[in-house]
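Spelled out, the chains give:
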Amino acid sequence: MSTSTRAAFPKETDSGGRFVRQQSAFRDRVTAAGSSEYPAASGRYHLYVSLACPWAHRTIILRALKGLEDAIAMSIVDPIRDEKGWAFRETDDRTTGDPLHGWQYLSEAYTASDPSFDARVTVPVLWDTETGRIVNNESADIIEMLAAEFDEFAARPDLDLAPAALADEMAELNQRIYDTVNNGVYRAGFASSQEAYEEAVVPLFETLDDLDARLADRRFLLGDEQTLADWRLFTTLVRFDAVYVGHFKCNIRRIADYPNLSGYLRDLYQTPGVPETVDMDHIKRHYYVTHTQINPFAIVPVGPELDLDAPHGRG
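As a starting point, this report considers the structure included with it. The structure presented is a predicted model; accordingly, all values stated were derived computationally and were not measured. (Residues numbered from 1 in each chain as written. Predicted model: local features only at pLDDT ≥ 70, side-chain atom pairs only at ≥ 80, totals over all residues. Heavy atoms only, no water.)

Some words on the nonpolar core
Line of reasoning, step 1. Counting 93 residues, the largest nonpolar core has Leu106, Leu208, Leu221, Phe234 and Phe240 as its most contacted members.
Line of reasoning, step 2. Sort the elements by how many residues they give to this core and helix 7 (residues 228-244) lands first, with eleven residues.
Line of reasoning, step 3. Excluding residues that lie within four positions of it along the chain, leucine 221 makes contacts with Leu173, Ile177, Leu211, Arg214, Leu215, Ala229, Asp230, Leu233 and Tyr264. (Core = buried A, V, L, I, M, F, W, Y, C linked by side-chain atoms within 4.5 Å. Buried < 20%, exposed > 50% of the residue type's maximum accessible area, 1.4 Å probe, protein only. Helix = DSSP H or I, 4+ residues; strand = E, 2+ residues; numbered from the N terminus. Contact = heavy atoms within 4.5 Å.)

Some details on the packing of helix 6 (residues 194-214) against helix 7
Line of reasoning, step 1. Helix 7 packs onto helix 6 with a crossing angle of 110° between their chain directions and a minimal axis gap of 14 Å. By the angle between their axes, helix 6 is roughly perpendicular relative to helix 7. Contact residues: Leu204, Phe205, Leu208 and Leu211 in helix 6; Leu233, Leu237 and Phe240 in helix 7. (Axes fitted to C-alpha atoms, helices over the stretch in contact; angles between N-to-C directions. Parallel < 35°, antiparallel > 145°, perpendicular 65-115°, else oblique.)

Describing unusual backbone geometry
Line of reasoning, step 1. Residue proline 124 is reached from valine 123 by a cis peptide bond, and omega for that bond is 5°.
Line of reasoning, step 2. Tracing the backbone shows proline 124 in the loop between helix 2 (107-113) and strand 5 (125-128).
Line of reasoning, step 3. A cis amide bond, omega 0°, links glycine 303 with the succeeding residue proline 304.
Line of reasoning, step 4. Along the chain, proline 304 falls in the segment after helix 9 (280-290).
Line of reasoning, step 5. The phi angle at lysine 249 is positive, at roughly 60°, despite the residue not being glycine.
Line of reasoning, step 6. With respect to the helices and strands, the residue lysine 249 is situated in the loop between helix 7 and helix 8 (259-269).
Line of reasoning, step 7. Judged by its relative accessible area of 42%, lysine 249 falls in the partly exposed class.
Line of reasoning, step 8. The residue alanine 298 is not glycine, and still its phi comes out positive at about 55°.
Line of reasoning, step 9. Tracing the sequence through the fold places alanine 298 in the segment after helix 9.
Line of reasoning, step 10. Its relative accessible area of 29% is what places alanine 298 among the partly exposed residues.

Things to note about the pattern of salt bridges
Line of reasoning, step 1. Within this structure, the stated rule accounts for 22 salt bridges.
Line of reasoning, step 2. The closest approach of N and O atoms between aspartate 14 and arginine 18, which form a salt bridge, is 3.7 Å.
Line of reasoning, step 3. The closest approach of N and O atoms between aspartate 217 and arginine 218, which form a salt bridge, is 3.9 Å.
Line of reasoning, step 4. Relative accessible area serves as the criterion here: at 66%, aspartate 217 is assigned to the exposed category.
Line of reasoning, step 5. Under the relative-accessibility criterion, arginine 218 is labelled partly exposed at 27%.
Line of reasoning, step 6. It is possible to trace a salt-bridge network through shared partners that takes in Asp14, Arg18, Glu195 and Glu199. (Salt bridge = Lys/Arg side-chain N within 4 Å of Asp/Glu carboxyl O.)

Looking at helix 9
Residues that lie three or four places apart on an α-helix share one face, since the helix turns once every 3.6 residues.
Line of reasoning, step 1. For helix 9, the full list of buried residues reads His282, Ile283, Lys284, His286, Tyr287, Tyr288 and Thr290.
Line of reasoning, step 2. Those residues of helix 9 hidden inside the fold are in contact with helix 1 (54-66), helix 5 (184-189) and helix 7.
Line of reasoning, step 3. The distance from a side-chain oxygen at the start of helix 9 to the backbone nitrogen of aspartate 281 is 3.2 Å, and the residue carrying that oxygen is aspartate 279. (Polar contact = N/O pair within 3.5 Å; in protein donor to acceptor, adjacent residues only side chain to side chain.)

Quick notes on helix 8
Line of reasoning, step 1. Burial runs high along helix 8: ten of the eleven residues are buried.
Line of reasoning, step 2. If you check which residues of helix 8 are buried, you get Asn260, Leu261, Ser262, Gly263, Tyr264, Leu265, Arg266, Asp267, Leu268 and Tyr269.
Line of reasoning, step 3. The inward-facing, buried residues of helix 8 abut helix 6 and helix 7.

Written out as structure tokens, the structure is:
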């Protein structure tokens with residue numbers, strides 16, 4: 001049996017057992033200046049997200065930080081993804097169903113946008129209610145749009161999370177963090193060979209070590225103020241000890257073992273509006289129940305205990 005047939009996502013696994021993430025299929029942009037087909041507007045766009053998914057979590061945080069709740073409605077899928085993908089099931093007080101169309105699965109948004117789409121359905125999705133199609137399903141694009149293109153409708157238009165003076169440094173740092181941390185945990189967790197796993201897990205911890213050292217003399221990744229780089233990293237860090245250490249075998253060290261990263265994680269978590277975006281029940285049930293190749297009995301661990309409200313000491 002080949003490594004790809006044993007993989008969680010065979011279409012995204014190479015012959016050496018390496019997880020190779022698919023490219024996002026929809027990459028159009030909403031613009032404040034109206035220079036694209038999708039001008040910024042209040043009430044026109046809709047976010048489809050999962051509270052469990054770190055990529056979708058980024059967009060939920062940006063929507064909250066900028067104060068865009070009244071301008072951009074949001075639907076939350078069930079954290080348990082089955083063979084049909086992300087489902088609109090109202091299974092608890094956080095899941096919403098699909099109020100726009102009454103869809104049962106998010107895949108219906110993809111086929112409505114592109115009937116030939118046959119890849120893995122992912123969150124987040126930024127949906128345009130006027131044209132009836134997906135604008136974008138790439139989280140990095142969506143958070144940039146939420147950060148800058150909807151200021152006319154934002155409660156906090158003054159919040160600048162992508163200062164032009166830091167653009168080059170942020171882009172370089174974001175690329176390393178994406179390659180080795182954000183996607184690195186998945187490359188380790190979905191590896192179907194020992195070699196592929198070690199190729200991912202070693203650089204992951206090299207980067208975490210460097211980030212811990214970087215945060216020794218600065219409050220946030222790029223200085224005294226939060227940027228998009230911090231929130232791109234945060235959604236991986238907040239899941240790390242509860243999920244990635246055990247479920248994805250990223251267990252050389254925990255975030256709790258890093259003096260600076262652990263305080264930094266608590267500092268970001270305690271930002272007003274952010275705790276409400278973190279749902280550890282959705283996070284743990286999604287990973288431990290959905291990935292049956294990794295956890296065939298779907299047992300969800302009780303721990304670990306995480307005190308994200310503890311003092312962070314980084315003021």
